[in-house]
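A closer look at the structure
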Amino acid sequence: MLEMKGIAVSNGIAIAKAYCLVEPDLSFEKVTISDSEAEKKRLKNAVAEAKKDLEGIKAEAERKFGPDKAAIFQAHLLVLEDPEMLGMIDGKIDEGTNAEAALHEVSTTFIEMFEVMENAYMKERAADIRDVSKRLLSKLLNVEIPDYSRLNEDVIIIANDLTPSMTAQLDKTHVKGFVTDIGGRTSHSAILARTMEIPAVVGAKTATKDIQQGALVIVDGSKGDVIVDAEPEIVGTYQTAQKAYLEERAYFEQFKGEPSISRDGHHVEIAGNIGKPEDADIVLENGGDGVGLFRTEFLYMDRTDLPSEEEQFVSYKSVLEKMKGKPTVVRTLDIGGDKKLPYLKMEEEMNPFLGHRAIRLCLDDTALFRTQLRALLRASIYGNLKIMFPMIATLDEFREAKAILEDVKKELVTEGKEVSDTIEVGMMVEIPSTAVMADLFAKEADFLSIGTNDLIQYTLAADRMNEKVSYLYQPYNPAILRLVKSVIDGAHKEGKWVGMCGEMAGDEIAIPILLAMGLDEFSMSASSILRARAQIAKSSKEDLEKHIEKILQLSSNKEVSGYVKQYLMKEPK
Ligand code: PEP
Ligand code: MG
């Protein structure tokens, strides 16, 4: 028996035989050519053939997963048509390099450029270029890329990295799970796994080396565990766990379309966090009451220049239309910290998380800010838009951001453009200064949304990217809970609603405390929505309230979690 640990990216347990994806042999020699025109023609033909393939895969993906997921292949087609990359390859051919080597050298430069980026999302984009250049190379070399779309038994796919095109070709009826050597939570394969609801573990490092074709594999996509050739008793244990997981899911399904309401009749809103317009579909599929956080910075990533007003308008409009009048909180650009834009010349900083980020940057670069606000305001008539500013530290910043928004609104109206007049304007509470003075901010904001990912890092002075201090990510630390309570009370005093869009909002231990404190909106990853709704349906706010004073007197994260488990959590049965 062999046990491996990777990154858990798609929940559930799968047990089936390993199907190892064998990489085609795409080796080639670098040679000097004399007829560069003929070589460029060869490249051009390869591009045309690859394009034909990709269009076919895109149509297939559209049929299987819907247009949003097929958009990945549109991105591939764009890589394939990228004049900068193709021009550089042609340039190398003109210097006498054969097409294969020219392609390899240029794509490697691009891949390396993306791979060194600190942001996980940007890093993953290297996979797109790798996938496209592999396809092109196979065309140049006349080597078939194997077709994985027809399997005749249930399998768990084992691969170094599951490229988006491989993932889309997979025959979903037989693919029960997958394990890859590399990848992260935001890789396309991970996103597709979650959409397909297939248990998956990525980043298992040596999976392809250590797992033999046909071996019995157990994938625990909730924990990141991979077990190969387990003893029958262990297989039995996982079969039981699998059954329990499926029963639990079926149980949660009944909460789809139901209101989010506690046992004693207290209504809350359970919304989803999104990064791209397509994610709104997943929120709706999971029964979300709205979008509590649209991290718009993702629209600015994976590209070489700023998105235009028109491009942004199309994205915002599409989310608002998809949400059909459900509350949709769009956060303005939160760049900086760990999120960098290579095309925006951002200076290196000693402490990027304490630096020129988010609203600070937008208040300095008003042209950038105004473009986003114009797009948002123009889209406002298509749904229930709420605008939220990130990383507000002082009232002056909030006032300044609101003043710019007002000015942009006037500008649009003067131009004869229609803008909704019911847009709520709120702010994130993720810096302790705003949490402490929440009542004052609430006088001027329509709503507050607590960003616990940052609030915790700033309160406990622990960089959220640094593994060595990750023990200080303590959502139940009474210091955090007292701040959260002060935000909720401060906002309620002014008659304003409060949400939470940090990871803590979907945390099973935090939920009963937050419900008792009166949090109005819980915004979380889509896959947690039904579980949270089920948990709230089982809880009585009134009963939970009795514990809050006691909890706030406890002295540590651990004591609080112990207390909640013992007294506040009810089994969802
Ligand atoms: C937060 O800080 O909690 C938050 C939701 O914002 P982000 O994770 O995007 O910084
Ligand atoms: Mg934040």
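Cut-off values and rules
Residues numbered from 1 in each chain as written. Chains lettered and ligands numbered in written order. Predicted model: local features only at pLDDT ≥ 70, side-chain atom pairs only at ≥ 80, totals over all residues. Heavy atoms only, no water. Helix = DSSP H or I, 4+ residues; strand = E, 2+ residues; numbered from the N terminus. Expected span 1.5 Å × (residues − 1). Buried < 20%, exposed > 50% of the residue type's maximum accessible area, 1.4 Å probe, protein only. Contact = heavy atoms within 4.5 Å. Donors = N, O, S within 2.8 Å, 3.2 Å for Na, K, Ca; no water. Core = buried A, V, L, I, M, F, W, Y, C linked by side-chain atoms within 4.5 Å. Domains from an automatic or database assignment. Axes fitted to C-alpha atoms, helices over the stretch in contact; angles between N-to-C directions. Parallel < 35°, antiparallel > 145°, perpendicular 65-115°, else oblique. Left-handed = near helix turned anticlockwise from the far one by under 90°. Nonpolar A, V, L, I, M, F, W, Y, C, P; charged D, E, K, R; others polar. UniProt positions renumbered as here; feature names shortened; annotations may be inferred. Phe/Tyr/Trp six-rings, centres within 6.5 Å; stacked < 30°, edge-to-face > 60°. Salt bridge = Lys/Arg side-chain N within 4 Å of Asp/Glu carboxyl O.

1. Comments concerning helix α13 (residues 366-379)
An α-helical turn contains 3.6 residues, so any two residues separated by three or four positions project in the same direction. With 14 residues, α13 ought to run about 20 Å at 1.5 Å a step, and its terminal C-alpha atoms sit 20 Å apart, in line with that. With 10 of 14 residues buried, α13 is to be regarded as a mostly interior element. Here α13 has its buried residues at Leu368, Phe369, Gln372, Leu373, Arg374, Ala375, Leu376, Leu377, Arg378 and Ala379. Close packing links the buried residues of α13 with α11 (309-323), β11 (327-331), α12 (358-364), β12 (384-389) and α14 (395-414).

2. Some remarks on the coordination of the magnesium ion (ligand 2)
Looking at the metal site, the magnesium ion (ligand 2) is ligated by Glu430 (OE) and Asp454 (OD), spaced 2.0 to 2.1 Å from it. Placement of Glu430 in the loop between β13 (424-429) and α15 (432-436) and of Asp454 in helix α17 (residues 452-459) is noted, with a sequence separation of 24 residues between them. Considered together, Glu430 and Asp454 belong to a single accessibility category, that of buried residues.

3. Considering the nonpolar core
Membership of the largest hydrophobic core comes to 130 residues, with the highest contact counts inside it found for Phe369, Phe389, Leu448, Ile450, Ile513 and Phe522. Shared between two domains, this core holds at least three residues of each, these being domain 2 (36-141) and domain 3 (258-568). With near-sequence residues (within four places) excluded, Ile513 lies in contact with Leu481, Ile548, Ile551, Val560, Val564 and Leu568.

4. What to know about the packing of helix α19 (residues 510-517) against helix α20 (residues 529-538)
Describing two packed helices takes the angle between their axes plus the distance from one axis to the other. Two elements in contact, α19 and α20, have axes whose closest approach is 10 Å; the angle formed by their N-to-C orientations is 60 degrees. Classified by the angle their axes make, α19 and α20 are oblique. Handedness of the α19/α20 crossing: right-handed. Of the residues in α20, those touching α19 at Ile511, Pro512 and Leu515 are Ala532, Gln535 and Ile536. Looking at the contact of α19 with α20, its residues break down into five nonpolar, one polar and no charged.

5. Quick notes on the UniProt feature "binding site: Mg(2+)" (unreviewed entry) in the protein chain
Within this numbering scheme, the UniProt entry marks Glu430 and Asp454 as carrying the feature "binding site: Mg(2+)" (unreviewed entry). Spanning 25 residues, the named residues form one tight spatial group whose C-alpha atoms are at most 5.3 Å apart. When near neighbours in sequence (up to four residues on either side) are disregarded, Glu430 contacts Pro390, Met391, Gly451, Asp454, Leu455 and Tyr458. When its relative accessible area of 3% is taken as the criterion, Asp454 is described as buried. Residues in contact with Asp454, not counting those within four places in the same chain, are Arg357, Met391, Glu430 and Arg464.

6. Remarks on the packing of aromatic side chains
Applying the stated criterion across every chain, the model contains eight aromatic pairs. Aromatic side chains Phe389 and Phe398 sit 6.1 Å apart centroid to centroid with 70 degrees between the ring planes, which places their arrangement in the edge-to-face category. Through a chain of ring-to-ring contacts, three or more aromatic side chains come together here, namely Tyr251, Phe252 and Phe255.

7. Some details on the domain arrangement of the protein chain
Split into domains, the protein chain comes out as domain 1 (2-19 + 148-251), domain 2 (36-141) and domain 3 (258-568). Look at where the C-alpha atoms of domain 1 and domain 3 centre, and you get two points 32 Å apart.

8. Quick notes on the pattern of salt bridges
The tally for this structure, following the rule as stated, stands at 40 salt bridges. Ionic pairing is found between Arg42 and Glu100, a salt bridge with its closest N-O pair at 2.8 Å. A residue pair is termed long-range when its members are at least 10 positions apart, and Arg42 in helix α1 (residues 36-65) and Glu100 in helix α4 (residues 99-115) qualify at 58 residues. Taking relative accessible area as the criterion, Arg42 reaches 30% and is therefore assigned partly exposed. In this structure Glu100 comes out as buried when scored by relative accessible area, which is 7%. Here Asp289 makes a salt bridge to Arg533, at a shortest N to O gap of 3.1 Å. Separated by 244 residues along the polypeptide, Asp289 in the loop between α10 (279-285) and β10 (291-295) and Arg533 in helix α20 bring together distant segments of the chain. Among the residues examined, Asp289 registers a relative accessible area of 19% and is labelled buried. Taken together, the salt bridges that share partners define one network made up of Glu309, Glu310, Arg370, Arg374, Arg378, Asp407, Glu411, Glu415 and Lys417.

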